[in-house]
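If you want the building blocks of each chain, they are given just below.
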Amino acid sequence: MDNVIKINNEGEHAYDIIFSDSFKLLKSELMKFNIENKRICIVTDSNVASIYANEVKSLVDMVCKHCYVVQFPAGELSKRHETVNKIYDVLVKKKFDRKDILIALGGGVVGDITGFVAATYMRGIDYIQVPTTLLSQVDSSIGGKTGIDYKDHKNIIGAFKMPKLVYINLNTLKTLPEREFNAGMGEVIKYGLIMADDFYQYLNQNIAKIKSHDLETLSNVVYMCCRLKKIIVEDDPYEKNVRKILNFGHTFGHAIEKCKGFEYLHGECVSLGIVAAAYISYKIKQIDSNTFNSVKNTLASYGLPIAVSGIRPNDILREILNDKKMHSGYITFIVLKRIGKVNFYKVNFNNMTDNEKDLLINAIESITIEQ
Ligand code: NAD
Ligand code: GLY
């Protein structure tokens, strides 16, 4: 395994993903940006701050003009304008200008907010991703999707803004709560299902090692996901076509997240969404029942939910109709053609056949448990 993956954007080198087992290399990586005269603001959340902020700040302090830390309460409910305003307040007060840099130290919530602030403050300043959850290391820190939630709508305000660097310290996963680790596996398994059957087999053959956080196996997993994401974001950085396949499981997943009032983690909802999408794939005869069961077993082996109670199928369907991916009455579901390959399944909601409606309701019923 190399310790760097280079990401291009529209044919030109845009940023590196660095893999390390500590924060030590961060200092030399930052020095490549000539930061001795720059201000740095580390954005983090309350949990990550208490474990890693001091260590990272002391490294950054050594090489920049001034380093500040701003933190907000951990969790999805912070992914809102109020948090963005709090960060703007610090940047304005400390007189940050366009040559200064933000560092996102934390999971996907920190990364999405920091990226959004970087995209909008002074019409754009640079930012660096230092992801500390499995989900953010394999997915959200790469590819420049940034954003926040608004009222009931998830990720509805946002911008594309590529980071200048993604720095992955794999050892941060050691402090990650097990439930959060498992949620990250939802996105990891997604890559195998949509793009790489050999990687999916690897995940099935190494369950014990991955769950026990064996560093070598985990490094392979994170590295492989980043390689797969590189292929997609270089081909389609602004989600015009092929990048949509990364939303596999997310149409159902986002609807469940909302119906459950964000009680379930993003990766857990993706797991449920993957089961519903695999159910459709099975019913439209793209995959057989063995493959459908294998998908469920793999998710369950990693402690992920494959069914949920306390939500009515019709409520999930209603949320799907409100989903931002619905354009002019059409919604496109990503379905499996086989393990490692996907197809698009398009439904016209203004003119849905009884068969289509039954299929969607049955898919939702396949993941909902009556109480
Ligand atoms: P998160 O950022 O909320 O982190 C999960 C929890 O783990 C938090 O409580 C956090 O404080 C804690 N934590 C983080 N790192 C830790 C560590 N090393 N040790 C101990 N605790 C740690 O959640 P997440 O799962 O990383 O990200 C989910 C978010 O990412 C969602 O908002 C989702 O919409 C977004 N997302 C964005 C993209 C994208 O492309 N931008 C892709 C996927 C998901
Ligand atoms: N996580 C989906 C994407 O980056 O497109």
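For the structure, check the block above.
Quick notes on the rules
- Within each chain, residues carry numbers counting from 1 in the order of the written sequence.
- Chain labels run from A onward and ligand labels from 1 onward, assigned in the order the entries are written.
- With pLDDT at 70 or above as the cut-off, local features in this predicted model cover only qualifying residues; side-chain atom pairs require 80 or more to be listed or tallied, and sums for whole chains, interfaces and linings still use all residues.
- For side-chain calculations, the full set of non-hydrogen atoms in the structure is used, while hydrogens and water are omitted.
- By the criteria applied, helices consist of DSSP H or I runs no shorter than four residues and strands consist of E runs no shorter than two, each listed in order from the N terminus.
- The span one expects for a helix is its residue count, reduced by one, times 1.5 Å.
- Exposed residues in this analysis have more than 50% of their type's maximum accessible area, buried residues have under 20%, and partly exposed residues fall in between, with area computed by a 1.4 Å probe over protein chains only.
- When we speak of the arc, we mean the arc of directions from the helix axis to the C-beta atoms.
- Contacts were defined at the residue level, with two residues in contact if any of their heavy atoms lie within 4.5 Å.
- The nearness test applies per residue and asks whether one of its heavy atoms lies within 4 Å of the molecule or strand.
- Whenever a nitrogen or oxygen atom comes within 3.5 Å of another N or O atom, the pair is scored as a polar contact, on the condition that within protein one atom can donate a hydrogen and the other can accept it, and that pairs from neighbouring residues in sequence are kept only if both atoms are in side chains.
- For the accessible areas, the method is Shrake-Rupley and the probe is 1.4 Å, while residue cover comes only from the protein chains on display.
- Residue polarity follows a fixed list, in which Ala, Val, Leu, Ile, Met, Phe, Trp, Tyr, Cys and Pro are nonpolar, Asp, Glu, Lys and Arg are charged, and the others, Gly among them, are polar.
- Strand pairing follows a simple DSSP-based rule, namely that at least 2 bridges must link the two strands.
- Only C-alpha atoms enter the line fits that serve as axes; for helices the fit covers just the stretch in contact. Angles between N-to-C directions range over 0 to 180 degrees.
- Cavities and pockets are found on a 1 Å grid laid over the protein atoms alone: a cavity is a set of points where a 1.4 Å probe fits but cannot escape, a pocket is an open set with protein on both sides within 12 Å along at least five of seven lines, and a lining residue has an atom within 4 Å of such a point.
- Grid points are joined across faces, edges and corners, and a volume is the space filled by probe spheres set on the points.
- Pairing of aromatic rings covers Phe, Tyr and Trp, the last counted by its six-membered ring, and requires centre-to-centre distances within 6.5 Å; plane angles under 30 degrees mean stacked, over 60 mean edge-to-face, and any other angle means tilted.
- A ring has a charge above it when a Lys NZ or an Arg CZ is no more than 6 Å from the ring centre and no more than 35 degrees off the ring normal.
- The charge count treats Lys and Arg as positive and Asp and Glu as negative. His and the chain ends do not count.
- Any carboxyl oxygen of Asp or Glu that lies within 4 Å of a side-chain nitrogen of Lys or Arg is treated as forming a salt bridge with it.

Draft legend 1. Region of the structure containing helix H12 (residues 289-301). Taking 1.5 Å of rise per residue, the 13 residues of H12 would be expected to cover 18 Å, and the 18 Å separating its terminal C-alpha atoms lies within 8% of that figure. What H12 keeps buried is the set Thr291, Phe292, Val295, Thr298 and Leu299. Burial along H12 is one-sided: seen end-on, the buried residues are contained in an arc of 130 degrees. Packed against the buried residues of H12 are helix H6 (178-195), helix H7 (197-205), helix H11 (266-283) and strand E11 (330-338).

Draft legend 2. Representation of the site of ligand 1. Among the 28 residues in the neighbourhood of ligand 1, the closest are listed as Glu76, Gly108, Thr132, Thr133 and Thr175. Backbone polar atom of Lys145 to a nitrogen atom of ligand 1: 2.9 Å apart, as the coordinates give it. Coverage of ligand 1 by the protein amounts to 91% of the 870 Å² it exposes when considered alone. Elements with a contribution of two residues or more to the shell around ligand 1: helix H2 (46-61), helix H4 (108-120), helix H5 (134-140), strand E8 (153-160) and H6. Residues belonging to the shell around ligand 1 are distributed by class as follows: eight nonpolar, ten polar and ten charged.

Draft legend 3. Region of the structure containing the sheet that holds strand E3 (residues 39-45). Strands sit in the order E1-E2-E9-E6-E5-E3-E4 across an open sheet of seven strands; the sheet is mixed. The outermost strands of the open sheet, each flanked by one partner alone, are strand E1 (4-9) and strand E4 (66-72). Mean inter-strand twist for the sheet, computed between neighbouring axes without regard to direction, equals 20 degrees. Together, E3, E4 and strand E5 (101-106) form the strand contacts of helix H3 (residues 81-93), whose direction differs from that of E4 by roughly 160 degrees. Those strands touched by H4 are E3, E4, E5 and strand E6 (126-131), and its axis lies near 165 degrees from that of E5.

Draft legend 4. Geometry of the site of ligand 2. Around ligand 2, the neighbouring residues are Asp139, Lys145, Lys229, Glu239, Arg243 and Leu246. In this structure, Asp139 approaches ligand 2 through a side-chain N or O atom, which is 3.0 Å from a nitrogen atom. The side chain of Arg243 places a nitrogen or oxygen atom 2.7 Å from an oxygen atom of ligand 2. Protein chains shield 88% of the accessible area of ligand 2, which is 200 Å² for the free molecule. Of the residues that constitute the shell around ligand 2, the class distribution is one nonpolar, no polar and five charged.

Draft legend 5. Focus on empty space enclosed by the protein. Summed over the entire model, instances satisfying the criterion amount to three cavities of 30 Å³ or more. Considering every element that reaches the lining of the second largest cavity, the biggest residue donor is E1, with three residues. A per-class count over the lining of the second largest cavity returns six nonpolar, three polar and no charged.

Draft legend 6. Spotlight on the packing of aromatic side chains. For the structure on display, the rule yields eight aromatic pairs. Here the aromatic cluster, defined as three or more aromatic residues joined through ring pairs, consists of Tyr279, Tyr282 and Phe292. Stacked on the ring of Tyr191, the Lys or Arg Lys190 has its end atom at 5.4 Å from the ring centre.

Draft legend 7. Representation of the environment of Ala196 within the structure. In this fold, Ala196 is placed in the loop between H6 and H7. For Ala196, a relative accessible area of 7% translates into the label buried. Placed 144 residues apart in sequence, Ala196 and Gly340 show a C-alpha to C-alpha distance of 4.4 Å. Sequence-distant contacts of Ala196, defined by excluding residues within four places in its chain, comprise Tyr191, Leu228 and Gly340.

Draft legend 8. A look at the side chain of Asp45. Within the secondary structure, Asp45 is located in strand E3. For the buried Asp45, no salt bridge exists, and the shortest N-O distance to an oppositely charged side chain is 11 Å, to Lys86. Here Asn47 takes part through its backbone nitrogen, which lies 3.1 Å from a polar atom of the side chain of Asp45. A polar side-chain atom of Asp45 sits 2.9 Å from the main-chain amide nitrogen of Val48. Beyond its immediate stretch of four places on either side in the chain, Asp45 contacts Gln71, Phe72, Pro73, Ala74, Leu105 and Val110.

Treat this as a map of the structure, not an account of what it does.
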